[in-house]
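Analysis of the macromolecular model
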Protein chains: 2
Amino acid sequence: MDDAGFNLDAAMLAMGRRAREGARALRLSTAEQRTAAIAAMARAIRAEADAILAANARDLAAAQASGTPEAMQDRLLLNPARLEGVAAGIEAVAAIPDPLGAEIARWTRPNGLDIARVRTPIGVIAMIYESRPNVTADAAALCVRSGNAVILRGGSECLRSSLAIHAAIERGLVEAGLPKTCVQAVPTADRAAVGLILSGLDRTVDLIIPRGGKSLVARVQAEARAPVLSHLEGLNHVFVHAAADLAKARAVTVNAKMRRVSVCGALETLLIDRAAAQRLLPPIAADLAAAGCELRGDADARALVPSMLAATEEDWRTEYLEPILAVKVVDGLDGAVAHIAEYGSGHTDGIVTEDAATAEAFVAGVDSAIVLVNASTQFADGGEFGFGAEIGIATDKLHARGPVGAEQLTTFKYVVRGTGQTRP
Amino acid sequence: MDDAGFNLDAAMLAMGRRAREGARALRLSTAEQRTAAIAAMARAIRAEADAILAANARDLAAAQASGTPEAMQDRLLLNPARLEGVAAGIEAVAAIPDPLGAEIARWTRPNGLDIARVRTPIGVIAMIYESRPNVTADAAALCVRSGNAVILRGGSECLRSSLAIHAAIERGLVEAGLPKTCVQAVPTADRAAVGLILSGLDRTVDLIIPRGGKSLVARVQAEARAPVLSHLEGLNHVFVHAAADLAKARAVTVNAKMRRVSVCGALETLLIDRAAAQRLLPPIAADLAAAGCELRGDADARALVPSMLAATEEDWRTEYLEPILAVKVVDGLDGAVAHIAEYGSGHTDGIVTEDAATAEAFVAGVDSAIVLVNASTQFADGGEFGFGAEIGIATDKLHARGPVGAEQLTTFKYVVRGTGQTRP
């Protein structure tokens, strides 16, 4: 194992150096080349569908054998329809406007200096993610679109699927005349590779994007030695206010929780206004139960809906990603805002109310990447925002927040053009 | 010392908790209150000028006694004119438009969802900086303008000046009805305080802004446990291309190096195009020598200007901040771009040329925060860019790059307003 460890170290450092070369090639590429490469990647994924689905079947068999929960298995699963969705998804990225070289702003100073703020690539991005093999394709396409080389480190549970998709991506890059070093995949499930990426690979990594749950959060916090753009937990809340329209509250809550329980925009804790809990909670709870959702309530919620299980403190801190919902009765807007400040993950939180002033107070009081009024939390998605595709939902406050598409993966520089000006 | 260490630990953690309270107060404050607070801070600095100048005199006496280089002493010095500049500088911050609450973008989706991207404060910022007592005032004003609480950790060499300015700032805050917790200063020169700030103070710090030289860079890289926006070295280059106008080249070079040698936008390495070195270098070198600048050249430069000292590898890596300039003869544009990629700090680099195509190739090839054509590097300044004031020049690639003013100290959230929409 010492030998294997040594080899991984050297292999990862070499991957970082190659990524620098890929970044240089992308910086010198044209928008047309980048578009062609993404389109070729989509074609190659379709052409290699059999191999990708076979690899995915092996991942799924391993997941079943090791007793992986069903929600997680659903995240892993590829079938012909989903794989077509993967290919179509990156074609959507090929179709969005190329962000590079755009002048974000340009102005002239009184001394005649012409200052332009011009969009440029970040350089080398390293993605660390779990399950969901489509992330491999989306991340590759978005990084090529934004001119960044990327090192992909997919979770061990979908490694076979990711590597099969990556093989197709390489084929697409080569077809378009770009080097394979633009998109590299870590070929091993060895978790030591994550540590090496977090070290920054001898300063070749400009940005680390972790996308995952609590254990990844903790590791990134402790070890990262390069800038991080986190895509972490979605511990999302819906607050049903006393002035809520019951029909909207029922529809929004059931959709937010049950449309797809395994996405990061799924509802995890329902907050009900004490002032109208009796009117609102029983019918909402009945809808959720009918849809197959397990409810875990505090004492006040259980007094209204005795069939609920009892929630513990741990439930307020849990991103289930399963058909389970924590339910709490709170004291009005202030109670809801305080609960979200204490337990939320800064991802997506919503209110259902017909009272405009309360809605605006909720919007002002909740400091999450996405704050919704009368809409399902499952709209937390780059596609739904109109960004074409996304690498995920950023839960940090800096650089980008919320859905991260190609534009959010760029930086800028100032170009100052003069005629010999000196500063007095 | 164990007792002192224990106390510092507790004191810094308490400072972090108080900063959270200050951030909450600022988030709930109005633009008018923030403007009034900054104006009151400026008035208080003028009112306490005697105390501030007396504190500065003690800092300077200590610096002289310990043999601090003159360029550093110049950075420390306050006199009545410079202190009036400090007060006027934060009045300029009071005058710039308040960035908070602005809708950066707003659009409606086909399903009727109304999505707004709204500017919000980051939260708690910790500034770690060296010398230059005006930074204390600028940082306080810019953080209040952008709704962020700030913890200031000025260098030990200007601690007395910084604390005297901070006392005036507190007076201004209180006068405007804002709590002192909005702007706190670390009251000790103990370097352990820097380590504690870099630890993130139990996650109360949202952003660390270090502004300083190589030793601070290294420490931040190794220890930071919160997001960082670095304001680090300005190892800036001017490339005088073969097609340069000699008069512009002479004026730009002398101004870039000698206008003020101790600022981060000062020129540190001059690159001369081999194809026209004989025409260009001797007159530029004569101007620089006449202005009192020591020149250190490579062999090719010394062949043309024998009075130069010999440069070593270390000179290409040195931000002098003194009247010393490294000079190298390079092979055209490619040689200049390669040298800057190898030795530059990504701060500010410029070209002097009359050839438009070469200028644009330089702009495309140099990935620095600010790239200049035919203008002095000393324009690397938020005021010169029209930003009102700046906290410094960011040398990282993420979130903000180049001059960091109030707008660059904000983040945003998405506000999504619906009428009961659910996701299909």
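Now for the overall build of chain A. In terms of helices and strands, chain A carries 16 helices and 16 strands. Over its C-alpha atoms chain A spans a radius of gyration of 23 Å, differing by no more than 12% from the 22 Å that the globule rule assigns to 424 residues. C-alpha atoms of chain A, sized along the principal axes, occupy 70 × 65 × 40 Å. The long-range fraction of contacts in chain A, counting pairs at least 24 apart against all pairs at least 6 apart in sequence, stands at 74%.

A separate point is the relation of the copies chain B and chain A. Once chain B has been moved 0.0 Å along the axis and rotated by 180 degrees, it coincides with chain A to within an RMSD of 0.0 Å. Within this description, the copies of the chain are treated as partners about a two-fold rotation axis. Taking C-alpha positions as the reference, the residue of chain B nearest the rotation axis is His399(B), at 1.8 Å. Of the residues that chain B buries at the interface, 100% are likewise interface residues in chain A, meaning the two copies contact each other through the same surface.

With that settled, the discussion passes to helix H7 (residues 159-175) of chain B. All names here are of chain B. Over its 17 residues, H7 extends 24 Å from the first C-alpha to the last, a length consistent with the 24 Å expected when each residue adds 1.5 Å. Most of H7 is tucked away: 12 of the 17 residues are buried. All of the buried residues in H7 are Leu159, Arg160, Ser161, Ser162, Ala164, Ile165, His166, Ala168, Ile169, Glu170, Gly172 and Leu173. Buried positions along H7 lie against helix H2 (31-47), helix H3 (49-65), helix H6 (134-145), strand E4 (149-153) and strand E5 (183-185).

Facing the 53 residues of chain B at the interface are 53 residues of chain A. Taken together, the elements giving at least two residues each to the side of chain B that touches chain A come down to strand E2 (114-121), helix H10 (246-258), strand E13 (370-375), helix H16 (382-385) and strand E16 (410-421) of chain B. Broken down by element, the side of chain B that touches chain A gets its largest block of residues, 11 residues, from E16(B). Its residues assigned to classes, the side of chain B that touches chain A shows 22 nonpolar, 17 polar and 14 charged. Of the strand pairs in this sheet, strand E16 (residues 410-421) of chain A and E13(B) are connected by 5 bridges, and their pairing is parallel. When the sheet's bridge partners are listed, Arg417(A) is paired in E13(B) with Val373(B).

Looking now at the sheet that holds strand E6 (residues 207-211) of chain A. Residue and element names in this part refer to chain A. Ordered in space as E5-E4-E3-E6, the 4 strands form an open sheet in which the pairing is parallel. What marks the edges here is a single partner per strand, and that holds for strand E5 (183-185) and E6. Going across the sheet, the axis of each strand differs from the next one's by a mean of 20 degrees, ignoring polarity. Two strands pair when backbone bridges link them, and strand E4 (residues 149-153) and E5 are joined in this way by 3 bridges, in the parallel orientation. Across the sheet, Ile151 pairs through a bridge with Gln184, a residue of E5.

All right, on to the domain arrangement of chain A then. How big an interface is tends to be stated in terms of the accessible area lost upon association of its parts. Residue and element names in this part refer to chain A. Here the domain parsing of chain A yields domain 1 (8-232) and domain 2 (236-381). Between domain 1 and domain 2, the contact holds 6 residues from the first and 6 residues from the second. Residues that form the side of domain 1 that touches domain 2 fall into these classes: 3 nonpolar, 1 polar and 2 charged.

Right, let's get into helix H14 (residues 332-343) of chain A. An α-helix turns once every 3.6 residues. As a result, residues three or four positions apart point the same way. Residue and element names in this part refer to chain A. Spanning 12 residues, H14 covers 17 Å between terminal C-alpha atoms, matching the ideal 16 Å at 1.5 Å per step. Considered for burial, the residues of H14 that qualify are Leu333, Ala336, Val337 and Ile340. Within H14, the buried residues cover an arc of 95 degrees as seen down the axis, which keeps them to one side. Away from its buried face, by an angle of more than 90 degrees, H14 presents the exposed residues Asp334 and Glu342. Contacts from the buried residues of H14 go to strand E7 (236-240), strand E8 (267-273), strand E11 (324-330), strand E12 (348-352) and helix H15 (356-365).

The next point concerns the sheet that holds E4(B). Residues and elements named next belong to chain B. Reading across the sheet, the 4 strands line up as E5-E4-E3-E6 and stay open at both edges, with parallel pairing between neighbours. Two strands close off the open sheet at either side, each with one partner strand: E5 and strand E6 (207-211). The sheet shows a mean angle of 20 degrees between the axes of neighbouring strands, taken without regard to direction. Where strand E3 (residues 124-129) meets E4, 5 bridges bridge the pair, whose relative direction is parallel. Residue Val124 lies in a different strand from E4, and its bridge partner there is Ala149. The strands touched by H6 within the sheet are E3, E4, E5 and E6, with E4 carrying the most contacts at an inclination of about 165 degrees.

Parameters and conventions
- Residues numbered from 1 in each chain as written.
- Chains lettered and ligands numbered in written order.
- Predicted model: local features only at pLDDT ≥ 70, side-chain atom pairs only at ≥ 80, totals over all residues.
- Helix = DSSP H or I, 4+ residues; strand = E, 2+ residues; numbered from the N terminus.
- Rg over C-alpha atoms; globule rule 2.2 N^0.38 Å.
- Contact = placed C-beta atoms within 7 Å.
- Least-squares fit on C-alpha atoms with pLDDT ≥ 70 in both.
- Expected span 1.5 Å × (residues − 1).
- Buried ≥ 20, exposed ≤ 12 C-beta atoms within 10 Å, placed from the backbone.
- Nonpolar A, V, L, I, M, F, W, Y, C, P; charged D, E, K, R; others polar.
- Pairing = 2+ DSSP bridges.
- Axes fitted to C-alpha atoms, helices over the stretch in contact; angles between N-to-C directions.
- Domains from an automatic or database assignment.
- Arc of directions from axis to C-beta.

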